[in-house]
Amino acid sequence: MHGKPPVSFHFGDAVAAAYRFDPESGACRQTGGDPLPVDGEGWVWLHLKLTDTRARHWLARHGALPAAVSQWLLDGPDRVQMQQLDGWLVGAANGLHHDFAFEPDQIGRLRFCVGPHLLVTGRRHPLRVVDEIRRSLDMGSAPQTPLAMLALIAGHLAAEAEATVERLMDDVDGIEDRVLDDRSTSRTVEDRQALGRIRRRAATLRRHLLPEGAVVAAGLGDLPGWADPAGRAGLAAAAERFHRIARSIDEVIDRARLLQDEIAAQRAEAMNRSLLVLSVLTAIFLPMTLITGIFGMNVAGLPGLQDPDAFLWVMVLILVGGAATLAFMFWRRMF
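Residues numbered from 1 in each chain as written. Predicted model: local features only at pLDDT ≥ 70, side-chain atom pairs only at ≥ 80, totals over all residues. Heavy atoms only, no water.

(A) Fine view of the overall build of the protein chain. Within the protein chain one finds seven helices and seven strands. Tracing the protein chain from N to C terminus, the helices and strands come up as β-β-β-α-α-β-β-β-β-α-α-α-α-α. For the protein chain, the proportion of its 335 residues judged to be buried stands at 42%. Counted over contacts in the protein chain with a minimum sequence separation of 6, partners at least 24 positions apart contribute 66%. Looking at the protein chain as shown, the accessible area adds up to about 18000 Å², and 57% of this sits on carbon and sulfur atoms. (Helix = DSSP H or I, 4+ residues; strand = E, 2+ residues; numbered from the N terminus. Buried < 20%, exposed > 50% of the residue type's maximum accessible area, 1.4 Å probe, protein only. Contact = heavy atoms within 4.5 Å. Areas by Shrake-Rupley, 256 points an atom, 1.4 Å probe, with all protein chains shown as cover.)

The structure is reproduced here in structure tokens:
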């Protein structure tokens, strides 16, 4: 890295964030110009916009990173992972987009490479976690080492995922209260649709977040020799937190599925009750309809044609037939 001309960065260009950290004082400050670390002057965090060609040019011309690490940061496999490469720790994690509106395509990759005195992260879309980290740094929360900063980022990624899962859980709680209230049937269709959306969103989060804990936990056994205990402990805590979030997502999916089954069972029960009422009414009116059909035939010899009380006797016969049918159904316990 020595002997190369300084490379100037400006916020809003290729660099989204650049901080220099002083472990002795615990302070950090935003930096520009050539912000790379110098021996004895602490360490640096750079956050690059990987879609900006200036970031690619900087990685190509600057000797801060080994060539293999720079190439991996730009064009490495687009999946969640963490591994050693030329003495550096490289990897990728999932993060929510800055303008996250809860759609599956709004989960992006945060790529990173970590050395003893340098952390370089990169993204192709603005991520919410970077703003959270910058706010925490402005409040004076400065990690001591690059690995500890990576652990802090992982903790924020887990926190934003946890908040999203909690919102899903609250939505499920509200629907569950309505579903289990037998008097509430006005929002059945809306609740079924909402549960379907919740299951899709939870499944998407699970697919993206489930590898996080497993990858970080597996990477803890293959950290470089310069890895500090605080950074190791922070990554271990983040891995455990991701495991808890994955279990919470499974709970959301299971509860949503059970509520969908309960709604289907309630609808089936309501349909059965309606069919039972229709069946009883049909059975009661069957003999009544038969009597009216017989006396409605316009044929010679029909009794009562000349009797002024015939209509009354026919009505009595109809009511008796209906009552007899109803009594028979009660006796046979048909409902």
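(B) The arrangement of the pattern of salt bridges in detail. Counted under the stated rule, the structure contains nine salt bridges. Here Arg-178 ties to Asp-191 by a salt bridge, and the two come within 2.7 Å at their closest N and O atoms. Residue Arg-178 is located in helix α4 (residues 146–180), and its partner Asp-191 is located in helix α5 (residues 188–219); the two are separated by 13 residues in the primary sequence. Of the residues examined, Arg-178 reaches a relative accessible area of 24% and is grouped as partly exposed. (Salt bridge = Lys/Arg side-chain N within 4 Å of Asp/Glu carboxyl O.)

(C) Here's a closer look at the environment of Leu-220. Take Leu-220: it is sitting in the loop between α5 and α6 (229–295). According to the relative accessible area criterion, Leu-220 is partly exposed, its value standing at 22%. Considered as a pair, Leu-220 and Gln-83 are 137 residues apart in the sequence and their alpha carbons are 9.4 Å apart. Once residues lying within four places of it in the same chain are set aside, the contact partners of Leu-220 are Met-82, Arg-232, Leu-235 and Ala-236.

(D) Seen up close, a nonpolar patch on the surface. On the surface, a cluster of nonpolar side chains totalling about 520 Å² of accessible area is made up of Leu-290, Ile-294, Phe-295, Met-297, Val-299 and Leu-317. Ranked by residues supplied to the nonpolar patch, first place goes to α6 with three residues. Structurally, Leu-290 is set in helix α6. Residue classification places Leu-290 among the exposed positions, given a relative accessible area of 56%. (Patch = residues over 30% accessible without salt bridge, like charges linked within 9 Å, V, L, I, M, F, W, Y side chains within 5 Å.)

(E) Inspection of the nonpolar core at higher detail. Ranked by internal contacts, the top residues of the largest apolar core, which has 55 residues, are Trp-45 and Met-149. For Met-149, the contacting residues outside a window of four places in its chain are Phe-21, Trp-43, Trp-45, Leu-119, Ile-133, Leu-137 and Pro-143. (Core = buried A, V, L, I, M, F, W, Y, C linked by side-chain atoms within 4.5 Å.)

(F) Broad picture of the sheet that holds strand β4 (residues 81–85). Reading across the sheet, the seven strands line up as β2-β1-β3-β7-β6-β5-β4 and stay open at both edges, with mixed pairing between neighbours. Strands with a single pairing partner mark the edges of an open sheet, and in this sheet they are β2 (27–30) and β4. For this sheet, the mean angle separating the axes of adjacent strands, direction not counted, is 20°. By the bridge criterion, five bridges tie strand β6 (residues 107–114) to strand β7 (residues 118–123) in an arrangement that is antiparallel. (Pairing = 2+ DSSP bridges. Axes fitted to C-alpha atoms, helices over the stretch in contact; angles between N-to-C directions.)

(G) Up close: the side chain of Ser-70. Its place among the elements puts Ser-70 in helix α2 (residues 67–75). Judged by its relative accessible area of 7%, Ser-70 falls in the buried class. If near-sequence neighbours (up to four positions away) are discounted, Ser-70 is found in contact with Leu-59 and Leu-65.

(H) Structural detail: helix α7 (residues 310–331). Here α7 contains 22 residues, and its C-alpha end-to-end distance of 31 Å stays within 8% of the 32 Å for a straight helix at 1.5 Å per residue. Taken together, the buried positions of α7 are Ala-310, Val-314, Ile-318, Gly-321, Gly-322, Thr-325 and Met-329. Take α7 and look down its axis: the buried residues cluster within an arc of 115°, on one side only. Opposite the buried face of α7, by more than 90 degrees, sit the exposed residues Leu-312, Trp-313, Leu-319, Phe-330 and Trp-331. (Expected span 1.5 Å × (residues − 1). Arc of directions from axis to C-beta.)

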